[in-house]
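Read off the chains here:
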Amino acid sequence: MSVADGRDGGAIRSLGFGVTMSVRMGFFLHTSLCERGKPVRSWGRGLDAAGVVGRRLRADYGQAARFLVRTDPAGYAAVRVLAPAESQPHLLASFAFASYTDDVCDTGTLAERERRFNQWTGLVRAGLDTGRAEHPLLRAFLHTSAVSGLPRRWVESYLAGAQLDLAFAGFVNESDYQAYVDQNTWPFLMLITGLAQPEGGDEQFERSCRLLADGCQRTDFLADLAEDLRGGNLYLPTDDLERHGVTRGDLEQGRDTPGVRALISATADTAHATLRMASRIVDEVAERHRPLVSCVLGLHHLRLQAIARMGTGVTRGPVRNQAVACLRLLVQERRRTSECRGRG
C-alpha cells in the first residue's frame, strides 16, 4: 500500500463510535437523527461556514469525509448531526488525519509498517514546514490546523507516540499504560478536541482531555480484548492479571474464572470512574460543542455497561452496544444541539 492510498482500517477509536456500529447504522443516523423541519445542514453550507474555499481544498475535505464514512460511519454521522456546522469539516479533517496515520501502522510486518510510517511522517512534517502537501487528507488537515491554531506539538507528539506503538510489547504495570495514554491516546484526542478551544485550549482543558483519553482508551482496550488477543496483543497490564490470579492463557482461552471476572470488573470500574472525572470537560467547551462531547462520554459509558453484561465473554467475542440505547443517546444530544442553535 502506498501512503497516498486510503484504506479501511482500525484507527484508535478515541471518539468511541467505530467499534460497535455498522455502516447501516451510520447511514441511519446521518439521514434520520434530525428533528422534523431541522435537517442536518448540507455539506457545502458547512464548508462555507467553516471558511473552506477553493475547489481543490473543498474536494480535500470531501475526501476526508468519505474516508470516515468508510472507516467510521457512525462517528462521521455523529459529527454531522451534533457538531456546529462551522466545526464539522475541521473535526472530520482532523479525525481522518489521525485515523489514517493510525491505519498506516496497522498491518503488515514490523519492517513494512515502519517503512510506511516513515514515508508518511516525512510527508506530514514537510507539510507542516511548508504548508503544502500532495495527499488530500493531509492538505485538509494542514488547513484545519492552521486556521484553528492547533499547536504543532500535539501533531509531533502523536507522530512520536504512533512510532513507539509500532513495536508494542505490552504493559507491565499501570505506569506503562499511563505512559501509553500520554504518548499516543492523549495526542490523538487533542488533534480533535483541541479544535474546540482557541489554539488547543489552556492547561486545565488539556488535563481534562487527558482524563477523557484515559477513560476512553481503557474502555476500548476492554471492548477490543478478544480481537487484540487474536492478533497477539494484550493491552491489560500484566500486574493486573497477577493481582487477580489470571494468566494470559486464561484470557486467550476465554476461560470463565473468578479471577477473569474480577479483572474485567475492576478494569471497567476504573474506566467508569475516569470517565466520570472527565465529564468536567463538558462545561469547559463552548455550549455549541457540548452535545458531541457529552455523546462521546455517554457512548463509552454504554459500552462499559455492555462489557458488564458480557463479563468474561469479552475474551471470546466483540462487545456490541445496544443499538436502541445508542440511538436514544444521540436523539437526546441532537435535541440539545437544536436548543443550542435556537439560543445562538
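Since the model is a prediction, treat every value here as computed from it, not as a measurement. (Residues numbered from 1 in each chain as written. Predicted model: local features only at pLDDT ≥ 70, side-chain atom pairs only at ≥ 80, totals over all residues. Heavy atoms only, no water.)

## Some details on empty space enclosed by the protein
Stated formally: Both cavities and pockets are sets of points on a 1 Å grid over the protein atoms alone; in a cavity a 1.4 Å probe fits but cannot get out, in a pocket the set is open with protein on both sides within 12 Å along at least five of seven lines, and lining residues sit with an atom within 4 Å of a point. Grid points are joined across faces, edges and corners, and a volume is the space filled by probe spheres set on the points. Throughout this entry, Asp, Glu, Lys and Arg are counted as charged residues, while Ala, Val, Leu, Ile, Met, Phe, Trp, Tyr, Cys and Pro are counted as nonpolar. The remaining residues, Gly among them, count as polar.
Tallied over the full model, the rule gives 1 cavity of 30 Å³ or more. One number sums up the size of the largest cavity: a volume of about 40 Å³. For the largest cavity, the full set of lining residues is Tyr177, Arg218, Phe221, Tyr235, Leu236, Pro237, Asp240 and Thr267. For the lining of the largest cavity, a count of residues per class yields 5 nonpolar, 1 polar and 2 charged.

## Some remarks on helix α3 (residues 55-71)
Note the threshold: Numbering of helices and strands runs from the N terminus; a helix is a DSSP stretch of H or I covering at least four residues, while a strand is a stretch of E covering at least two. Here the expected length of a helix is defined as 1.5 Å per residue gap, with one fewer gap than residues. Under the scheme applied here, a residue whose accessible area is under 20% of the maximum for its type counts as buried, over 50% as exposed, and between as partly exposed, the area being computed with a 1.4 Å probe on protein chains only.
The terminal C-alpha atoms of α3, which comprises 17 residues, lie 24 Å apart, in line with the 24 Å expected from a rise of 1.5 Å per residue. Turning to α3, its buried residues are Leu57, Asp60, Tyr61, Gly62, Ala64, Ala65, Phe67, Leu68 and Thr71.

## Some remarks on the pattern of salt bridges
If charged atoms from side chains of opposite charge come close, those side chains can pair. Filter applied, for reference: Salt bridges are defined by distance alone: a side-chain nitrogen of Lys or Arg within 4 Å of a carboxyl oxygen of Asp or Glu.
For the structure shown, the criterion picks out 17 salt bridges. In this structure, glutamate 86 and arginine 288 form a salt bridge, with 3.3 Å as the shortest nitrogen-oxygen distance. Separated by 202 residues along the polypeptide, glutamate 86 in the loop between α4 (73-82) and α5 (88-104) and arginine 288 in the loop between α15 (281-284) and α16 (290-310) bring together distant segments of the chain. A residue is classified by how much of its surface remains accessible, and arginine 288, at 42% relative accessible area, is partly exposed. The residue arginine 248 makes a salt bridge to glutamate 252 at a minimum N-O spacing of 2.9 Å. With arginine 248 and glutamate 252 both in helix α13 (residues 248-252) and 4 residues apart, the pair spans about one turn of that helix. Arginine 248 gets classed as partly exposed once you look at its relative accessible area, which sits at 33%.

## Focus: the packing of aromatic side chains
The way to describe two aromatic rings as a pair is by their centre distance and the angle between their planes. Using the following cut-off: Whether two aromatic rings pair depends on their centres lying within 6.5 Å, for rings of Phe, Tyr and Trp, where Trp uses its six-membered ring; planes under 30 degrees apart make the pair stacked, over 60 edge-to-face, and the rest tilted.
Under the criterion given, the structure shown has 18 aromatic pairs. Residues phenylalanine 97 and tryptophan 120 carry aromatic rings whose centres are separated by 6.2 Å and whose planes lie at 40 degrees to one another, so their mutual orientation is tilted. In this pair, phenylalanine 97 sits in helix α5 while tryptophan 120 sits in helix α6 (residues 110-130), placing the two residues 23 residues apart along the sequence. Given the relative accessible area of 1%, phenylalanine 97 is considered buried. Three or more aromatic residues joined by ring pairs form one cluster here, namely Phe168, Phe171, Tyr177, Tyr180, Phe221 and Tyr235.

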